[in-house]
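Per-entry structural report
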Amino acid sequence: MHMMIQQQLGQLLPERKVDVPAALALLGGSVAALGVWKWRSKKMVQKKMEEARRTRDEGMKKMAKAVQQFREQVPSVQRDAILSLPLLELSGRLQEGSLSPRTVLYTYLEKALEVTQQTNCLRHFIPECEEQLQEIERHEKKGLLYGIPVSIKDHIGHKGHLATCGLVQCLGTLMEEDSVLVKVLKRQGAIPFAMTNVPQSLFSLSGVTGPVNGILAVPCALGPMARDVDSLALCMKALLCQEMFQLDPTVPPIPFNEQVYSSSTPLRVGYYDTDGYVLLPPCMRRAVKETRHALQAAGHQLVLFSPPRIPYVINELFFKTFFADGGHTWLDVFTGDIVDPGLKSQVNSCKIPRLVKKLLALLLKPVFPRLADYLSALAGMRSVKEMWNHHHEIQEYRSQFIAQWKELQLDVVLCPVLGPAFTTGYPGKLLYAISSTMLYNVLNFPAGVVPVSTVTEADEEELKLYKGCCDDPWDRTLKQVWEVVEQRLLVGVQAVSGALGMPVAVQCVALPWQEELCLRFMKEVETLSRDRRVP
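From a predicted model like this one, the values you see are computed outputs, not experimental measurements. (Residues numbered from 1 in each chain as written. Predicted model: local features only at pLDDT ≥ 70, side-chain atom pairs only at ≥ 80, totals over all residues. Heavy atoms only, no water.)

Right, let's talk about the overall build of the protein chain for a bit. Helix and strand counts for the protein chain come out as 21 helices and 9 strands. A buried classification covers 47% of the 535 residues belonging to the protein chain. The contacts in the protein chain between residues at least 6 apart in sequence include a share of 78% that link residues at least 24 apart. Of the accessible surface of the protein chain, which amounts to about 27600 Å², a share of 56% is contributed by carbon and sulfur atoms. (Helix = DSSP H or I, 4+ residues; strand = E, 2+ residues; numbered from the N terminus. Buried < 20%, exposed > 50% of the residue type's maximum accessible area, 1.4 Å probe, protein only. Contact = heavy atoms within 4.5 Å. Areas by Shrake-Rupley, 256 points an atom, 1.4 Å probe, with all protein chains shown as cover.)

Moving on, we get to the environment of Phe 256. If you trace the backbone, Phe 256 turns up in the loop between helix H9 (242–247) and helix H10 (258–262). Not counting chain neighbours up to four residues away, the residues in contact with Phe 256 comprise Ala 233, Met 236, Lys 237, Leu 240, Tyr 261, Glu 516 and Leu 519.

Across the 5 residues of strand S7 (residues 412–416), 5 count as buried, placing the element largely inside the fold. Burial along S7 is two-sided: Val 412, Leu 414 and Pro 416 facing one way and Val 413 and Cys 415 facing the other are all buried. Bridging between strand S5 (residues 268–271) and S7 involves 3 bridges; their strand directions are parallel. When the bridges of S7 are listed, Val 269 appears paired with Val 412. The sheet contact formed by S7 and strand S9 (residues 503–509) spans 4 bridges and is antiparallel. (Pairing = 2+ DSSP bridges.)

Before going further, it helps to spend a moment on the side chain of Glu 110. On the secondary structure map, Glu 110 appears in helix H5 (residues 101–119). Accessibility expressed as a relative area gives 18% for Glu 110, which makes it buried. Beyond its immediate sequence surroundings of up to four residues, Glu 110 is in contact with Val 67, Arg 71 and Arg 79.

Let us look at the packing of helix H17 (residues 384–407) against helix H18 (residues 435–443). Where H17 meets H18, the closest approach of the two axes is 10 Å, and the angle between their N-to-C directions is 105°. The angle between H17 and H18 falls in the class roughly perpendicular. Between H17 and H18, the residues in contact are Ile 394, Tyr 397, Arg 398 and Phe 401 and Leu 439, Tyr 440, Val 442 and Leu 443, respectively. (Axes fitted to C-alpha atoms, helices over the stretch in contact; angles between N-to-C directions. Parallel < 35°, antiparallel > 145°, perpendicular 65-115°, else oblique.)

Assignment of secondary structure puts Cys 235 in helix H8 (residues 229–239). For the pair Cys 235 and Gln 188, spaced 47 residues apart in the sequence, the C-alpha separation amounts to 9.9 Å.

Structurally, Ser 91 can be placed in helix H4 (residues 87–96). Among all residues touching Ser 91, those that are not within four sequence positions of it are Leu 144, Ile 148 and Leu 234.

A complete count under the given rule lists 19 salt bridges for this structure. In this structure, Arg 286 engages Glu 290 in a salt bridge whose closest nitrogen and oxygen atoms are separated by 3.2 Å. Separated by 4 residues within a single helix, Arg 286 and Glu 290 lie in helix H11 (residues 282–297), roughly one turn from each other. With a relative accessible area of 28%, Glu 290 lands in the partly exposed category. Each of the salt bridges in this network shares a partner with another, and the network as a whole consists of Arg 71, Arg 79, Asp 80, Glu 110 and Glu 114. (Salt bridge = Lys/Arg side-chain N within 4 Å of Asp/Glu carboxyl O.)

Inspection of the entire model under this criterion finds 19 aromatic pairs. Plain terms: the ring middles of Phe 319 and Phe 323 are 6.5 Å apart, the flat faces sit at 25° to each other, and that makes the pair stacked. Centroid distance Phe 319 to Tyr 374: 4.9 Å. Interplanar angle 75°. Geometry classified as edge-to-face. Of the two residues, Phe 319 sits in helix H12 (residues 310–322) while Tyr 374 sits in helix H16 (residues 369–378), which places them 55 residues apart along the sequence. For Phe 319, a relative accessible area of 0% puts it in the buried group. By the ring-pair criterion, three or more aromatic residues cluster together here, those being Tyr 272, Phe 305, Tyr 312, Tyr 397, Phe 401, Trp 405, Tyr 440 and Phe 445. A cation over a ring is seen here: Arg 370 above Tyr 277, with NZ or CZ 5.5 Å from the ring centre. (Phe/Tyr/Trp six-rings, centres within 6.5 Å; stacked < 30°, edge-to-face > 60°. Lys NZ or Arg CZ within 6 Å of the ring centre and 35° of its normal.)

Next up, the structure:
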């Protein structure tokens with residue numbers, strides 16, 4: 001073997017006398033050096049992550065100490081009573097002075113400490129929250145969010161803190177100033193006190209989390225989260241202010257339209273329970289059906305609506321836009337990083353050479369058409385001209401969708417959303433399954449999700465007959481996920497008296513620039529679903 005390698009090296013470099021043993025030694029040394037470099041790089045990544053965890057843990061210890069000191073000073077605080085208050089009522093009591101911002105802040109800090117120990121939902125506490133507390137107490141004028149504790153997602157800039165997006169390369173740079181969002185929140189009297197975790201690179205289904213027991217979480221990956229719709233409306237009222245319009249001129253200077261939000265005029269509601277691309281589980285389709293009947297009983301007009309060409313939207317307009325360069329820009333953010341296990345399948349798909357993606361798509365088209373279309377979209381685009389044509393196609397589809405909406409004279413649309421929550425480890429395998437929300441990302445329509453029911457034993461029985469839209473491997477994977485989830489829930493029902501399973505929700509949609517109408521529709525759905533559940 002050694003002689004064979006020497007002969008091959010000699011053939012490659014025939015005109016020059018080569019010291020083959022030296023060349024082999026150099027090659028071996030280079031391989032060893034590469035291995036050492038990779039090992040050192042991994043060690044550096046691990047060291048940065050350990051430092052970040054240590055900083056987080058130290059911050060939590062400081063907050064825990066501050067909470068303990070407050071509890072010793074004010075032992076009579078009724079914590080559960082404060083945590084149970086809806087945001088509007090909490091805000092009203094803060095405004096009138098029957099509750100102090102200090103009491104509310106430390107109550108929520110204590111609760112957040114408990115929750116993150118169970119779920120690891122917080123990346124870091126914001127010690128400056130105590131300075132913000134003192135700042136709002138000095139001012140006579142109270143903003144709309146006066147004294148409200150607010151958690152912000154990790155990618156939202158806060159002065160003196162990291163905005164990591166779950167990436168090691170972002171661990172070394174502290175924000176030099178507050179983001180516009182944080183500035184406006186503070187001006188309105190809110191107290192940002194914690195930063196919550198996000199999916200790595202903001203691209204995963206595994207990292208979706210809810211607000212901390214009523215804390216107004218602003219924003220989540222794509223918008224604010226709260227315990228009820230009135231809280232979201234208050235958030236919008238607070239953000240659509242003169243301060244926002246001055247700091248960010250790209251935001252249209254249009255204040256919140258209270259008249260639209262408070263209207264009781266009957267709505268003309270389009271509805272559908274499947275988009276024809278992913279057939280959601282029985283519980284989610286039941287949620288749409290029950291909500292539709294409740295809206296009809298309340299005097300609203302319901303009209304069947306069929307969104308056009310969803311497979312085309314998902315593959316050609318959504319995936320092809322996101323992976324326009326074949327995923328290279330997205331892959332770059334993981335350079336030298338440890339990839340979240342939930343993202344590995346997507347990362348590995350992007351690493352496949354473009355020609356191989358196209359060949360695989362061609363071969364799989366007869367037996368697994370959805371995967372074939374996905375791989376074809378993952379190949380991206382080849383030219384600027386193709387990109388411009390693609391942008392035009394999005395605008396064309398948007399115009400077609402709005403024309404169909406207008407032809408039916410719809411005010412809003414009721415439709416399903418993916419759920420209930422998946423078992424850990426599955427979300428990364430089911431990116432395509434979020435077609436119900438991908439659609440409105442492409443269209444750039446305001447949309448919100450409202451829980452209306454819970455998983456039942458009847459849902460479990462109906463799931464046994466589930467075959468999906470195409471009865472392909474993706475549909476079978478979805479069925480396996482929901483079977484695991486619902487079986488786990490039903491065990492919980494038997495073990496815990498009164499437990500009815502995890503929540504299921506519906507999606508409420510309005511046309512562009514009609515956020516108040518979307519919120520008004522969400523409020524109507526929320527009210528009707530609560531009325532149904534009241535014994």
